[in-house]
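# Commentary on secondary and tertiary structure
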Amino acid sequence: MRVLTTLIAAALMVAPACAEDAAALYATVKTSKGDFVVALDPAAAPQTVENFVQYANAGHYDRSIIHRVVAGYVIQGGGYSRFFNERATRPAVPYEGDNGLKNVRGAFAMARTSDPNSATSQWYVNLQDNAKLDHKVDEIGPIYGYTVFGQVIAGMDVVDAIGAVETGEGGPFETEVPVEQILVERVDVGNEPPAVAGAQ
């Protein structure tokens, strides 16, 4: 396992604007494939970030799994145990997808149902620029997207490695489940961007 050293100056260049703010927050997602670091953006998505941090600090993500991988699109986690038991959630967080943040490669966002106000604990990372997931407004009105609330600033090689695994059927899902289970061991939140271990 090689070590990816994250220089703070470089991280701030690619992190959301909030990274220069005193209230900046960083989430280290520790997985069985390695770790990645997300710069959270409480300025752009305050309720969504607060919701995610509460779940992380409560241990909701400990020993959960990456339950969905779509090659060249997204990886998704935050909802299921390794036995595919769906974890209990709190009330949904209000939609903040109109905050101007885009579903670009490495963007960290909330998964939801067709109801834009239905996001709870599940998150995803974009493996490519996914403009179709962005909030838009046309002549009729808003087209709801998915709330982006952070950006991967270190360990994108880990995310890509997860995004390249073989998938198939698993638990209640017919497709898109990693054949070799990928654990999210825990999510640590802090005010400094740490160095992380690279992909195995």
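Here, the structure is the one placed above.
Let me sum up the structure you'll find in this document. Quick caveat: nothing in here was measured; it's all calculated off a predicted structure.

### Quick notes on the overall build of the protein
In terms of regular secondary structure, the protein is built from three helices and 14 strands. Within the protein, the fraction of its 200 residues that count as buried is 52%. In the protein, once contacts between residues fewer than 6 apart in sequence are set aside, the share between residues at least 24 apart is 72%.

### Some remarks on the packing of aromatic side chains
Inspection of every chain in the model, using the stated rule, returns ten aromatic pairs. Taken together, the ring pairs in this structure connect Phe36, Phe52, Tyr55, Tyr61, Phe108, Trp123 and Phe149 into an aromatic cluster. A cation over a ring is seen here: Arg90 above Tyr55, with NZ or CZ 3.9 Å from the ring centre. Geometry around Tyr146 places Arg112 over its ring, the cationic atom sitting 4.2 Å from the centre.

### A short note on the sheet that holds strand β3 (residues 34–40)
The sheet built from eight strands closes into a barrel, its strands ordered β2-β3-β10-β6-β7-β5-β4-β13 with antiparallel pairing. Sheet twist, expressed as the average angle between the axes of neighbouring strands with direction ignored, equals 35°. For strand β5 (residues 74–81) and strand β7 (residues 123–126), the ladder comprises four bridges, and the chain directions are antiparallel. Within the sheet, the bridge partner assigned to Gln76 lies in β7 and is Tyr124. Its contacts with the sheet place helix α2 (residues 46–57) against β2 (25–31), β3, β6 (107–110), β7, β10 (148–154) and β13 (183–190), and it is angled at close to 120° to β13. Each of β2, β3, β4 (64–70), β5, β7 and β10 is contacted by helix α3 (residues 156–163), which is oriented at about 115° to β3, the strand it contacts most.

### Here we look at α2
With twelve residues, α2 should reach 16 Å at 1.5 Å per residue; the first-to-last C-alpha distance of 16 Å fits that figure. Of the residues making up α2, those classed as buried are Thr48, Val49, Asn51, Phe52, Val53, Tyr55 and Ala56. Residues of α2 that are buried sit in contact with β2, β3, β6, β7, β10 and β13.

### Let's talk about the pairing of β4
For β4, the buried fraction is high: six of the seven residues fall into the buried class. Hairpin connection from β4 to β5: three residues lie between these consecutive antiparallel strands, with Gly72 at a positive phi of about 70°. With two bridges joining them, β4 and β13 adopt antiparallel strand pairing. Each bridged residue has a counterpart across the sheet, and for Ser64 the counterpart in β13 is Val184.

### Considering the pairing of β7
Side-chain alternation along β7 places Trp123 and Val125 on one buried face and Tyr124 and Asn126 on a second face that is also buried. Sheet analysis places β6 next to β7, joined by three bridges and oriented antiparallel. Bridging across to β7, Ala109 finds its partner in Tyr124.

### Regarding the environment of Ser81
Inspection of the secondary structure assignment puts Ser81 in strand β5. Residue Ser81 is classed as buried on the basis of its relative accessible area of 9%. In contact with Ser81, other than residues within four places in its own chain, are Arg63, Ser64, Ile65 and Arg87.

### With respect to the pattern of salt bridges
When the charged atoms of two side chains with opposite charge come close together, those side chains can pair. A complete count under the given rule lists four salt bridges for this structure. Asp35 serves as the salt-bridge partner of Lys30, at 3.5 Å between the closest nitrogen and oxygen. Judged by its relative accessible area of 14%, Asp35 is buried. Residues Arg186 and Asp188 are paired through a salt bridge, measuring 3.1 Å at the closest nitrogen-oxygen approach. With relative accessibility at 38%, the residue Arg186 sits in the partly exposed group. Its relative accessible area of 29% is what places Asp188 among the partly exposed residues.

Here is what the cut-offs are and how they apply
Residues numbered from 1 in each chain as written. Predicted model: local features only at pLDDT ≥ 70, side-chain atom pairs only at ≥ 80, totals over all residues. Heavy atoms only, no water. Helix = DSSP H or I, 4+ residues; strand = E, 2+ residues; numbered from the N terminus. Buried < 20%, exposed > 50% of the residue type's maximum accessible area, 1.4 Å probe, protein only. Contact = heavy atoms within 4.5 Å. Phe/Tyr/Trp six-rings, centres within 6.5 Å; stacked < 30°, edge-to-face > 60°. Lys NZ or Arg CZ within 6 Å of the ring centre and 35° of its normal. Pairing = 2+ DSSP bridges. Axes fitted to C-alpha atoms, helices over the stretch in contact; angles between N-to-C directions. Expected span 1.5 Å × (residues − 1). Salt bridge = Lys/Arg side-chain N within 4 Å of Asp/Glu carboxyl O.

Remember, this is a structural readout, not a statement about activity or role.
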